[in-house]
Amino acid sequence: MIKKIILFTKGIETLWFFSEQMGKTFELLGYEVFYFDQCKEYRSLSDLIWFCEPGVTAAISFNFDGCAGEDYFIDSEGVSFFDARDVLFINIVVDHPFYYHKFLPYLPKKYIQISIDREHEAYLRRFFPEMRRGPFMPLGGTSLWENGKFPGFDDRKYDIVFTGNYNPPTIFHEAIHRHGDEYAEFYYDIIHDLIRHPWKSMDATIMEHLNRDVEDIDEKGLKETMPNMIFIDLYVRHYFRGEVVKTLVDHGFRVHCFGSGWDQLDCHHPENIVNGNVLDSLGCLQQISRSRLSLNVMPWFKDGAHDRVFNSMLNGAVSLSDSSRYMDEILEDGRHFVRYDLAKLEELPEKAEQTLADKEGWEYLVEQGYRMANRGHTWAHRARFLHSEILCKIP
């Protein structure tokens, strides 16, 4: 039975924050928790050696921290520290799996991968059937407020906030044209297909074009080609992020954007973009707590949910978001959040205006959204899920 848990900190700040939130609950559940400091890796490794107890220790990571071939976790004979110490390794992957093919040779023997989107799970099932996979587990949220006692409508500084960075799609020009005009035309066909049909799956659409336009490509060829298409995901993700904010600011809404790159958005009314600082996770939650509407643009999770949605609901802002199949299963538009459609952005300003103009309706959305998220979609819930579904089942 697992008694000890290793979590990873001081890497990507967002993932480190997720780990710390789960760590609090693991400690409450009775686990001994060790936080591996990735900025002081050799000092941390020395302490980890003493902490690890073979057979009863699990590592819980995000995005391959600890199993990405880090030299301090591989000995001179090429043996993983986690294999040598008989550690169960659970890796929660918060991006599409095609970002991470290169890390697969480094996976420990006792490895379980968790997907936060059911399309990602289907991708793994197709191309990596040999990989041990855990149950689907969406991202979770964090509340800064005890029992939902957050500021009310009149005490919030902003109408609309967006927490996230922006990159103009033009920065991907070099990647798109790196093999010449013929390849660029092929890549742009995929991009335009996704822009015209934003409900489509990223990997399914890419494979549709590969099967149609690349002669004699087989399953192995598809698998090998997918990691080379990452820039398409990034292009489309940031394209729509920009289009959503542009739609609102060009209709007269002031949008407080906390993140980098928003001064590069091409729009008619840049004066309506209020550029905030680049913030850590705690800072983002604080700004959401000051806003009436928290804007979300899904990073092409078509069968999962982003933590911004739950963070908004847990901190008293109405989540204004596009949706997914999973979100449509668990959330009700007009009750738990306000749903907009990427294919009908012309309707977005009216949705925002109606929500901001109806104080009682806003309060209803806030109350119902908080209750729903607080009932099952915090990082504490995710830690308890891993406890019951995996950790307690290890003999």
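Residues numbered from 1 in each chain as written. Predicted model: local features only at pLDDT ≥ 70, side-chain atom pairs only at ≥ 80, totals over all residues. Heavy atoms only, no water.

This part covers the packing of aromatic side chains. Scanning all chains against the criterion turns up 36 aromatic pairs. Relative to Phe-36, the ring of Phe-8 has its centre 5.9 Å away and its plane inclined at 55°; by these criteria the two rings are tilted. Residue Phe-8 is found in strand 1 (residues 4-9), and its partner Phe-36 is found in strand 2 (residues 32-37); the two are separated by 28 residues along the sequence. Comparing Phe-8 with Phe-36, the two get one shared label, buried. What links up through ring pairs into an aromatic cluster is the set Phe-8, Phe-36, Tyr-42, Tyr-72, Phe-73, Phe-81, Phe-82, Phe-89 and Tyr-111. Geometry around Trp-300 places Lys-302 over its ring, the cationic atom sitting 4.0 Å from the centre. (Phe/Tyr/Trp six-rings, centres within 6.5 Å; stacked < 30°, edge-to-face > 60°. Helix = DSSP H or I, 4+ residues; strand = E, 2+ residues; numbered from the N terminus. Buried < 20%, exposed > 50% of the residue type's maximum accessible area, 1.4 Å probe, protein only. Lys NZ or Arg CZ within 6 Å of the ring centre and 35° of its normal.)

What follows deals with the pairing of strand 10 (residues 318-321). In strand 10, alternate side chains face the same way, and those of Val-318 and Leu-320 on one face and Ser-319 and Ser-321 on the other are all buried. Where strand 9 (residues 291-296) meets strand 10, four bridges bridge the pair, whose relative direction is parallel. Its bridge partner being in strand 10, Asn-296 is matched across the sheet by Ser-321. This β-α-β element, strand 9 to helix 11 (residues 307-314) to strand 10, shows right-handed connectivity. Examined bridge by bridge, strand 10 and strand 11 (residues 338-339) share two bridges and lie parallel to one another. Bridge pairing links Ser-321 to Arg-339 in strand 11. With helix 12 (residues 325-330) bridging strand 10 and the parallel strand 11, this β-α-β connection has right-handed handedness. (Pairing = 2+ DSSP bridges. Right-handed = clockwise from strand over helix to strand, strands pointing away.)

Attention now moves to the nonpolar core. Most often, soluble globular proteins have nonpolar side chains that are buried together. Counting residues in hydrophobic clusters, the biggest one holds 124 residues, and the most contacted among them are Ile-6, Phe-26, Leu-48, Ile-60, Ile-92, Ile-232 and Leu-391. Filtering out sequence-adjacent residues up to four positions away, Leu-391 remains in contact with Ile-2, Ile-5, Phe-26, Tyr-31, Ala-58, Ile-60, Leu-88, Ile-90 and Leu-386. Formed by five residues, the second largest nonpolar core is a distinct cluster that contains Val-161, Phe-258, Ile-288 and Ala-317. (Core = buried A, V, L, I, M, F, W, Y, C linked by side-chain atoms within 4.5 Å. Contact = heavy atoms within 4.5 Å.)

The next subject is the packing of helix 1 (residues 13-28) against helix 10 (residues 281-288). Contact pair helix 1 / helix 10: the axes reach a minimum separation of 9 Å and the direction vectors enclose 80°. If you check the angle between helix 1 and helix 10, you find them roughly perpendicular. On helix 10, the residues that touch Glu-13, Thr-14 and Phe-17 of helix 1 are Ser-281, Leu-282 and Leu-285. A class-by-class count of the residues in the contact of helix 1 with helix 10 yields three nonpolar, two polar and one charged. (Axes fitted to C-alpha atoms, helices over the stretch in contact; angles between N-to-C directions. Parallel < 35°, antiparallel > 145°, perpendicular 65-115°, else oblique. Nonpolar A, V, L, I, M, F, W, Y, C, P; charged D, E, K, R; others polar.)

Judged by pairing direction, the sheet is parallel, and its six strands sit side by side in the order 8-7-6-9-10-11 without closing on themselves. At either margin of the open sheet sits one strand with a lone partner, and together these are strand 8 (273-276) and strand 11. In terms of strand pairing, strand 7 (residues 255-258) meets strand 8 through four bridges, oriented parallel. By the bridge assignment for strand 8, Cys-257 is matched with Asn-275. Along the sheet face, helix 10 touches strand 6 (158-163), strand 7 and strand 9 and points at about 160° away from the line of strand 6.

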